[in-house]
Each structure stands twice: as C-alpha cells, then as structure tokens.
Amino acid sequence: MKLIVKLLLTALAVVVLAKILPGVAVEGYDSAVIVAIVIALLRLIVKPILVVLTLPITIVTFGLFLLIINAIIILLAGYFVDSFDVTTIWWALLFSLLLSVFQSILFSLLPED
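Conventions adopted
- Residues numbered from 1 in each chain as written.
- Predicted model: local features only at pLDDT ≥ 70, side-chain atom pairs only at ≥ 80, totals over all residues.
- Heavy atoms only, no water.
- Helix = DSSP H or I, 4+ residues; strand = E, 2+ residues; numbered from the N terminus.
- Expected span 1.5 Å × (residues − 1).
- Buried < 20%, exposed > 50% of the residue type's maximum accessible area, 1.4 Å probe, protein only.
- Contact = heavy atoms within 4.5 Å.
- Core = buried A, V, L, I, M, F, W, Y, C linked by side-chain atoms within 4.5 Å.
- Bend = angle between axes of the 7 residues up to and from the residue.
- Phe/Tyr/Trp six-rings, centres within 6.5 Å; stacked < 30°, edge-to-face > 60°.
- Lys NZ or Arg CZ within 6 Å of the ring centre and 35° of its normal.
- Axes fitted to C-alpha atoms, helices over the stretch in contact; angles between N-to-C directions.
- Left-handed = near helix turned anticlockwise from the far one by under 90°.
- Nonpolar A, V, L, I, M, F, W, Y, C, P; charged D, E, K, R; others polar.

Chemist: I'd love a proper account of helix α4 (residues 65-80), names of residues and values included.
Modeler: Taking 1.5 Å per residue, 16 residues should reach 22 Å; α4 reaches 23 Å between its end C-alpha atoms and fits that length. For α4, the full list of buried residues reads Phe 65, Ile 69, Asn 70, Ala 71, Ile 73, Ile 74, Ala 77 and Gly 78. Where α4 is buried, its residues meet α2 (29-53), α3 (55-60), β2 (84-86) and α5 (89-108).

Chemist: Could you give me a rundown of the nonpolar core, with the residues and numbers involved?
Modeler: One finds Val 14, Val 24, Ile 39, Ile 74, Phe 84, Phe 95 and Leu 99 to be the most contacted residues of the largest nonpolar core, which totals 29 residues. Looking at this core, the element that brings in the most residues is helix α1 (residues 2-20), giving seven residues. Other than its neighbours up to four places away in sequence, Phe 95 contacts Val 14, Leu 17, Leu 21, Val 24, Ile 39, Ile 74 and Phe 84.

Chemist: Give a description of α2 that names residues and reports values.
Modeler: Between its terminal C-alpha atoms α2 stretches 34 Å, which fits the 36 Å expected from 25 residues at 1.5 Å a residue. Of all the bends in α2, the greatest reaches close to 40 degrees and is centred on Val 46; the proline Pro 48 follows between one and four positions later. Ser 31, Ala 32, Val 35, Ala 36, Val 38, Ile 39 and Leu 42 are the residues of α2 that are buried. Summarising the contacts, the buried residues of α2 are in contact with α1, β1 (24-26), α4, β2 and α5.

Chemist: Lay out the packing of aromatic side chains with the relevant residues and their values.
Modeler: Counted by the stated rule, this structure contains two aromatic pairs. On the numbers, 5.7 Å between centres and 55 degrees between planes, the contact of Phe 84 with Phe 95 is tilted. Of this pair, Phe 84 sits in strand β2 while Phe 95 sits in helix α5; the two residues are eleven residues apart in sequence, bridging distant segments of the chain. Here Lys 6 stacks its cationic end above the ring of Phe 107, 5.1 Å away from the centre of that ring.

Chemist: Residue-level account of unusual backbone geometry, with values.
Modeler: Residues other than glycine seldom take positive phi values, yet Phe 62 does so here, at roughly 55 degrees. Mapped onto the elements, Phe 62 comes out in the loop between α3 and α4.

Chemist: Can you tell me about the packing of α1 against α2, naming the residues and giving the values?
Modeler: It is the contact of α1 with α2, at a shortest axis distance of 8 Å, that shows an interaxial angle of 115 degrees. Between α1 and α2 lies a crossing of right-handed hand. Contact with α1, carried on its side by Leu 7, Leu 8, Thr 10, Ala 11, Val 14 and Val 15, involves Tyr 29, Ala 32, Val 33, Val 35, Ala 36, Ile 37 and Ala 40 of α2 and no other residues of that element. In terms of residue class, the contact of α1 with α2 is built from twelve nonpolar, one polar and no charged.

Next up, the structure:
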C-alpha cells in the first residue's frame with residue numbers, strides 16, 4: 001500500500017515539475033503515473049549497473065557524476081514513455097534534482113510504519 005502511495009506522490013511531483021519547467025512535458029495524470037513507475041523501475045534495475053560501470057569517474061568527481069546518472073535515468077524514462085518529454089540533459093538534471101527534493105518533502109509527510 002505504501003508503495004502505491006509513493007508512486008502516486010511521485011506522479012504528483014512529476015506533474016507539478018512538468019508545469020514549472022519549460023523543458024519537461026507530460027501529457028496527463030495517467031502518463032505521470034506511468035512515468036513514476038518507469039522511473040522507479042529504471043532506478044531499481046539500470047542505476048546500479050551504471051553506478052558500477054562508472055565507479056572510477058564517480059570516485060574522481062567525488063560522487064558528482066551520480067547527478068549525471070540520475071539525469072540519464074530521466075532521459076531514459078522520456079525515451080520509454082512517449083507522453084513524457086525532456087528536451088536536454090540539463091533539463092533532465094534539474095528535473096532530477098527537483099524531483100528528489102519534492103519526493104523528500106512528500107515522503108516525509110507519510111506516517112511511519
């Protein structure tokens with residue numbers, strides 16, 4: 001149940017950020033839910049692989065390359081979901097940062113188990 005609530009809150013954050021950022025577009029609320037699911041799956045499956053493959057550059061940049069990996073995850077979500085579009089990697093980077101902030105705020109409002 002908590003997973004569904006987190007996905008819906010992430011979808012809400014995606015819709016809000018798409019309204020705020022001009023380089024990000026999502027067609028509707030149902031698309032935002034699909035985007036939230038795709039981002040969650042990409043973070044679960046693809047991100048660990050990218051982190052391991054780019055470990056040397058991540059160490060050299062003191063972890064800042066992880067921000068680029070997050071932006072790549074957002075661009076991949078835009079590639080897989082037709083109704084979600086991110087124009088450049090810079091918009092994806094900003095979207096990723098703001099999505100993390102929104103998720104932290106929204107998830108902190110959820111009651112503990």
